[in-house]
Amino acid sequence: MTRIAAAAVLLLVFGGSPPPERYAEVKDWPRLPPTVQLGECAGVAVDANGHVFVFHRPGRGFDTAATEKLTEPTFLVPHGITIDGGGSVFLTDVGLQQVFRFSHDGRQLLALGEPRVGAWDATHFNQPTDIAIRPDGTFYVSDGYVNSRVAIFDARGKELREWGKKGTGPGEFSNPHGLTFIPGSTDVLVADRENSRLQLFDKDGTFKREWRGAADAETTGRVFAVATDEAGNDYVGIRRADYDTRHTGVLKLDRQWNIVAAIGFGRAGDPVFNAVHDLAVGKDGSIYIAETRTKRVVKLRPAT
């Protein structure tokens, strides 16, 4: 794997009666050469071979007014990253207002959206956040910080349908920030960030149910990210706007949305999180958490 726009994407080789599951931080991971320093880590993904990809912002924060690209000739403000079963890398850039698809070795295969033009229609985005790809090549885009919708595209990038609007009701969003699919079904799960909830939809966007286990943004935290493992457990990245470490971390939910693990949140012995932005889960059960403010990716392994 060569680096895709080298400075921005790196390849790195309680509920219920049972006791809560425990995870341990893998120390000194990743081990990068001294010439490589991570910027704000906005996205993290794991491919089918267990390779970990990090989409980060070297020398830049969340500056959607930026005009100078981080590397020539690709990114302005990196955000979301997802890898499909064939190894293609999908990315969102909230500064360029675009969604990209790259081959595993870094060749650009697709670019959607008009560079630096934000709008709401079939060929534009306004600060898109994440992508989820189905086995047939159709993909979903959460769009995003300004728009409040999820759009579905065919494998060639033609919009098929969309749903959502700004609001707090079922099927409405206040910054749809993360996406994942439910194994064994065609349902899609959306991290509705500012509404501090997950929303579950069928494949066409019909609302099914929601999870508000994070309470609300003011007292507990916003729902920044969601990922699902092959067994159907959901992993939820929670973060407070004021970076309060007591209300920031990762929850693991079983299929009934019972909390079976809580990592961080000021718990003794856990990593201290304050800027959780994205997460991914490997086939071995390891969890990778991307943080922006602290410019790092934390690897957690199930404790034995």
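My aim in this report is to walk through the structure given alongside it, one point at a time. Fair warning: this is a prediction, and the values are worked out from it, not measured in the lab.

Overview of the pairing of strand E8 (residues 108–112)
Alignment of strand E7 (residues 98–102) against E8, held across four bridges, turns out to be antiparallel. Pairing of Phe-102 across the sheet is with Gln-108, part of E8. In this antiparallel pair of consecutive strands, E7 and E8, the connection spans five residues, and Gly-106 shows a positive phi of 100°.

Regarding the environment of Gln-98
Relative to the assigned elements, Gln-98 resides in strand E7. Spatially, the C-alpha atoms of Gln-98 and His-124 are 7.7 Å apart, while their sequence positions differ by 26 residues. Polar contacts involving the side chain of Gln-98 include one to the main-chain carbonyl oxygen of Gly-113, which spans 3.1 Å.

Remarks on the pairing of strand E20 (residues 259–264)
The buried count for E20 comes to five of six residues, which makes it a mostly enclosed element. Linking two consecutive strands that pair antiparallel, namely strand E19 (residues 249–253) and E20, is a turn of five residues; a positive phi of about 65° is found at Trp-257 within it.

Some details on the sheet that holds strand E18 (residues 234–239)
Taken in spatial order, the four strands make up an open sheet running E17-E18-E19-E20, and their pairing is antiparallel. At either end of the open sheet lies a strand with only one pairing partner, and these are strand E17 (222–228) and E20. On average, adjacent strands in this sheet sit at an angle of 20° to one another, irrespective of strand direction.

Overview of the side chain of Arg-193
Secondary-structure assignment places Arg-193 in the loop between strand E14 (188–192) and strand E15 (197–201). According to the relative accessible area criterion, Arg-193 is buried, its value standing at 14%. A distance of 3.2 Å separates polar atoms of two side chains, one belonging to Arg-193 and the other to Tyr-145. Beyond its immediate chain neighbours, meaning those up to four positions away, Arg-193 contacts Tyr-145, Ser-174, Asn-175, His-177, Arg-222, Val-223 and Phe-224.

Focus on the packing of aromatic side chains
Applying the stated criterion across every chain, the model contains 14 aromatic pairs. Note on Phe-125 and Phe-153: the rings are 5.8 Å apart at their centroids and 50° apart in plane angle, and the pair reads as tilted. Taken as a pair, Phe-125 in the loop between E8 and strand E9 (128–133) and Phe-153 in strand E11 (residues 149–153) lie far apart in primary sequence, 28 residues in all. Accessibility assignment for this pair places Phe-125 and Phe-153 in one class, buried. Seen in terms of ring centroids, Phe-201 and Phe-207 are 6.0 Å apart; in terms of plane orientation they differ by 75°. Their pairing is edge-to-face. Take Phe-201: its relative accessible area is 0%, and that puts it in the buried class. By the ring-pair criterion, three or more aromatic residues cluster together here, those being Tyr-140, Trp-163, Phe-173, Phe-181, Phe-201 and Phe-207. Taking the ring centre of Phe-181 as reference, the NZ or CZ of Arg-134 above it sits at 4.0 Å.

Rules of the game
Residues numbered from 1 in each chain as written. Predicted model: local features only at pLDDT ≥ 70, side-chain atom pairs only at ≥ 80, totals over all residues. Heavy atoms only, no water. Pairing = 2+ DSSP bridges. Helix = DSSP H or I, 4+ residues; strand = E, 2+ residues; numbered from the N terminus. Polar contact = N/O pair within 3.5 Å; in protein donor to acceptor, adjacent residues only side chain to side chain. Buried < 20%, exposed > 50% of the residue type's maximum accessible area, 1.4 Å probe, protein only. Axes fitted to C-alpha atoms, helices over the stretch in contact; angles between N-to-C directions. Contact = heavy atoms within 4.5 Å. Phe/Tyr/Trp six-rings, centres within 6.5 Å; stacked < 30°, edge-to-face > 60°. Lys NZ or Arg CZ within 6 Å of the ring centre and 35° of its normal.

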